[in-house]
Amino acid sequence: MTPKDESLFDLMKKLGADSASGLSSAEAEKRLTEHGENCLRERKKKTNLQRFAEQFKDVMILILLGAAAISFVVALTSHEPSEFFEPLLIVGIVIANAIMGVMQESKAEKALDALKSLSAPHARVIRSGKEQTIEAAKLVPGDIILVEAGDFVPADARLIESASLKSEESALTGESVPAEKDANAEVAADAALGDRKNRIYSGCSITYGRGRAVVTATGMDTEMGKIADALTQAQDESTPLQRKLG
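Conventions adopted
- Residues numbered from 1 in each chain as written.
- Predicted model: local features only at pLDDT ≥ 70, side-chain atom pairs only at ≥ 80, totals over all residues.
- Heavy atoms only, no water.
- Core = buried A, V, L, I, M, F, W, Y, C linked by side-chain atoms within 4.5 Å.
- Buried < 20%, exposed > 50% of the residue type's maximum accessible area, 1.4 Å probe, protein only.
- Helix = DSSP H or I, 4+ residues; strand = E, 2+ residues; numbered from the N terminus.
- Contact = heavy atoms within 4.5 Å.
- Pairing = 2+ DSSP bridges.
- Expected span 1.5 Å × (residues − 1).
- Arc of directions from axis to C-beta.
- Patch = residues over 30% accessible without salt bridge, like charges linked within 9 Å, V, L, I, M, F, W, Y side chains within 5 Å.
- Areas by Shrake-Rupley, 256 points an atom, 1.4 Å probe, with all protein chains shown as cover.
- Salt bridge = Lys/Arg side-chain N within 4 Å of Asp/Glu carboxyl O.
- Phe/Tyr/Trp six-rings, centres within 6.5 Å; stacked < 30°, edge-to-face > 60°.
- Lys NZ or Arg CZ within 6 Å of the ring centre and 35° of its normal.
- Polar contact = N/O pair within 3.5 Å; in protein donor to acceptor, adjacent residues only side chain to side chain.

1. Here we look at the nonpolar core
Reasoning step 1: By size, the foremost hydrophobic cluster in this structure holds 17 residues, and its most contacted members are Leu139, Ile145, Leu159, Ile200 and Ala213.
Reasoning step 2: Secondary structure elements with two or more residues in this core: β1 (122-127), β3 (144-148), β4 (156-168) and β7 (205-217).
Reasoning step 3: Here Ala213 is in contact with Asp143, Ile144, Ile145, Ala157, Arg158, Leu159, Ile160 and Ile200, once residues within four sequence places are set aside.
Reasoning step 4: Of all hydrophobic cores here, the second largest spans nine residues; its members include Met12, Ile144, Ile160 and Val214.

2. Describing the environment of Ile200
Reasoning step 1: Among the structural elements, Ile200 can be located in strand β6 (residues 199-200).
Reasoning step 2: Along the primary structure Ile200 and Ala179 are separated by 21 residues, whereas in three dimensions their C-alpha atoms are 9.7 Å apart.

3. As for the pairing of β3
Reasoning step 1: For β3, the tally of buried residues reaches four of five residues, placing the bulk of the element in the interior.
Reasoning step 2: Bridge count between β1 and β3: three bridges; the pairing is antiparallel. Paired with Val125 across the strands is Ile145, a residue of β3.
Reasoning step 3: As judged from the five bridges shared by β3 and β7, these two strands associate in the antiparallel manner. Note on β7: the bridge partner recorded for Val147 is Gly211.

4. With respect to helix α4 (residues 59-78)
Reasoning step 1: In this model α4 runs 29 Å from its N-terminal to its C-terminal C-alpha over 20 residues, within 8% of the 28 Å that 1.5 Å per residue would give.
Reasoning step 2: Turning to α4, its buried residues number three or more, namely Ile61, Ala68, Ser71 and Ala75. On an axial view of α4, the arc spanned by its buried residues comes to 75°, and they lie on one face. Away from its buried face, by an angle of more than 90 degrees, α4 presents the exposed residues Val59, Ile70, Val73 and Thr77.
Reasoning step 3: Positioned one or two residues after α4, His79 has a phi angle of 60°, which is positive.

5. Brief notes about the pairing of β1
Reasoning step 1: Pairing of β1 with strand β2 (residues 130-135), which is carried by six bridges, proceeds in the antiparallel orientation. For Ile126, the partnering residue across the bridge sits in β2 and is Glu131.

6. With respect to a nonpolar patch on the surface
Reasoning step 1: Together, Val59, Met60 and Ile63 make up an exposed nonpolar region whose accessible area comes to about 270 Å².
Reasoning step 2: In this fold, Val59 is placed in helix α4.

7. Here we look at the packing of aromatic side chains
How two aromatic rings sit relative to each other is given by the distance of their centres and the angle of their planes.
Reasoning step 1: Evaluated as defined, the whole model comprises zero aromatic pairs.
Reasoning step 2: Between Lys166 and the ring centre of Tyr208, over which it is positioned, the NZ or CZ distance is 5.9 Å.

8. Some remarks on the side chain of Thr222
Reasoning step 1: With respect to the helices and strands, Thr222 occurs in the loop between β7 and α7 (223-234).
Reasoning step 2: A distance of 2.8 Å separates a polar side-chain atom of Thr222 from the backbone oxygen of Gly219.
Reasoning step 3: The contacts of Thr222, once residues within four sequence positions are left out, are Asp156, Ser202 and Ala217.

If you want it as structure tokens, here you go:
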């Protein structure tokens, strides 16, 4: 028998959440200090010149440039035009490798910026028994959020109640049609992202209906955060030439 996902009762107990009154302001501040702001973090941006220069830090690239320099000296002393072909080829390959590395990092950075643009600037939340609108960056696990058609989901959350709720999750699942959501749906513990009907995810938009949910993950711990982290790590990957040299 397929094991079921954690029950809402157990999850609420673990998060110390109350569906009616939400967290107190003091508890929310405490958790914000513990978990950090609900936003996607990124490294300090580099200029294209800095990225280009960093491509030459690899030891094997420096050895190749050294070999090219020696070949140039040999070519100059031999006075044979054909001797210049090899050093010019080496330099051309090294420069092409550097350009490829810069492009690779730039694509990852642009993809991360695109993810950040999906973040909701504000969130409707229940705090100390009152509905209020706060900066989405101030959300913490255990917060009770309210969503309706037209909203961007501000954090990963488990639905407490829903009414004809649909969410556009193509950025995460690739599905072209909005996913139907149901707070009462029973989901397998190992269900794929697109099959988790009782959950909504940061950066996805609500296309229909409304719902109330408890925040389960914020910032880099969300599904969007995991993608952002993978994109950040991709900037450290070697180019094809560096892998072959290795």
